[in-house]
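# Geometric and topological summary
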Amino acid sequence: MDKTSKIYVAGHRGLAGGAILRTLQARGYNNLVVRTHAELDLEDGAATQQFFEQERPDVVFLAAAKVGGIHANNTYPVDFLMGNLLIEANIFRAAHACGVQRLVFLGSSCIYPRDCPQPIKEEYLLTGVLEPTNRPYALAKIAGVEMCWSYNRQYVTKWLAAMPTNLYGPGDNYDLQNSHVLPALIRKMHDAKLSGVKEVVLWGSGTPKREFLYVDDLADALVFLASLDETRYSALTNPLHCPLINVGSGEDLTIRELAETIAEVVGFKGSFVQNTSKPDGTMRKVMDTSKIKQLGWSPTTGLTEGIRLTYENYLCL
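Fair warning: this is a prediction, and the values are worked out from it, not measured in the lab. (Residues numbered from 1 in each chain as written. Predicted model: local features only at pLDDT ≥ 70, side-chain atom pairs only at ≥ 80, totals over all residues. Heavy atoms only, no water.)

### Here we look at a nonpolar patch on the surface
Together, Val78, Met82 and Leu86 give the surface a local cluster of nonpolar side chains, amounting to about 260 Å² of exposed area. In this structure, Leu86 sits in helix α4 (residues 77-97). (Patch = residues over 30% accessible without salt bridge, like charges linked within 9 Å, V, L, I, M, F, W, Y side chains within 5 Å. Areas by Shrake-Rupley, 256 points an atom, 1.4 Å probe, with all protein chains shown as cover. Salt bridge = Lys/Arg side-chain N within 4 Å of Asp/Glu carboxyl O. Helix = DSSP H or I, 4+ residues; strand = E, 2+ residues; numbered from the N terminus.)

See below:
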């Protein structure tokens, strides 16, 4: 991938896709292709095929997805399963038909078993039972990993599956019913601070540990991977091996500790109440990122700084 490559960012209005687009633009890539959902429904196979035939991109970042937190996954399992499977299948089929050179598929750490050893290595995929609260979404993302590998094996494509940890940053979803934990807590504490409420309710016990990555760091990692020299990139997409690579910070903290960090940034001075009737989800998820670090990439944004930047962005909404 170079500055003249024609690059399609699928899902450029989402959290990850928006960061990828910002990063590419900031680095001088000027042959970028995007479409809004109104302009192109990626669940429509014929429309997706027609788009690829017209644009003929060299590189694809597949960040388009149906995403949400525990509540959303529990409430809309069909949407998360079928929507993501259709998006993936349509883009992979069209990308192959139109000769896409490099494709980076964006997955999720929830593809790994609920109780696998920590930190989570890439080879732990499909070695145990998935977390029930997001199983449909996880299965769809596992299918995307398998699509990358299957195309690489059958057609000698060079497609890569990058699995990020929990993301946050500009462009996040702050809806209290459908968002992930970090943006939901930012909104809860901001609202509580403005209204003078002295308590904020946290879902679950507060003891599960999570890892977080600022979304612009993720974008930096994906552009780094897509720009690797042919020798190193081909090693990652060798048909003999699953083309899977973790992207994360390699550090985690409890949900309670996360809430305390957010409170400090937002300026919420009240207390927390744990609603233990709500599910905890997986008790610990931290990624083993040694593979990408060996290639020369590490994140640069600390959690407190990332939350500060995210909160500044939230205040501008």
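### Things to note about the environment of Leu315
Structurally, the position occupied by Leu315 is in helix α11 (residues 303-315). Judged by its relative accessible area of 47%, Leu315 falls in the partly exposed class. Separated by 292 residues in the primary sequence, Leu315 and Thr23 have C-alpha atoms spaced 22 Å apart. (Buried < 20%, exposed > 50% of the residue type's maximum accessible area, 1.4 Å probe, protein only.)

### Section: the packing of helix α1 (residues 15-26) against helix α7 (residues 215-226)
Close contact between α1 and α7 brings their axes to 8 Å; oriented N to C, the two are set at 60°. Regarding the angle of α1 to α7, the classification is oblique. In the packing of α1 onto α7, the handedness of the crossing is right-handed. Residues Leu15, Ala16, Ala19, Ile20, Arg22, Thr23 and Leu24 of α1 form the contact with α7, whose own contacting residues are Val215, Asp216, Leu218, Ala219, Asp220, Leu222 and Val223. Here the residues of the contact of α1 with α7 sort into 10 nonpolar, one polar and three charged. (Axes fitted to C-alpha atoms, helices over the stretch in contact; angles between N-to-C directions. Parallel < 35°, antiparallel > 145°, perpendicular 65-115°, else oblique. Left-handed = near helix turned anticlockwise from the far one by under 90°. Contact = heavy atoms within 4.5 Å. Nonpolar A, V, L, I, M, F, W, Y, C, P; charged D, E, K, R; others polar.)

### Re the sheet that holds strand β3 (residues 59-62)
One open sheet holds the six strands; their spatial order is β2-β1-β3-β4-β5-β9, and the pairing between them is parallel. Looking at strand neighbours, the two that pair on one side only are β2 (32-33) and β9 (244-247), the edges of this open sheet. Relative to β3, strand β1 (residues 7-10) runs parallel, the two being bridged by four bridges. Note that in β3 the partner of Ile7 across the bridge is Val59. Contacting β1, β2, β3 and β4 (102-106), α1 crosses the sheet at an angle of about 155° to β1. (Pairing = 2+ DSSP bridges.)

### As for the pattern of salt bridges
For the coordinates displayed, the defined rule picks out 17 salt bridges. Asp220 serves as the salt-bridge partner of Arg27, at 2.2 Å between the closest nitrogen and oxygen. Taken together, the positions of Arg27 in the loop between α1 and β2 and Asp220 in helix α7 put the pair 193 residues apart, joining distant regions of the chain. A residue is classified by how much of its surface remains accessible, and Arg27, at 36% relative accessible area, is partly exposed. A salt bridge links Glu230 to Lys158; its shortest N-O distance comes to 2.2 Å. Residue Glu230 is found in helix α8 (residues 230-236), and its partner Lys158 is found in the loop between α5 (135-155) and β5 (159-164); the two are separated by 72 residues along the sequence.

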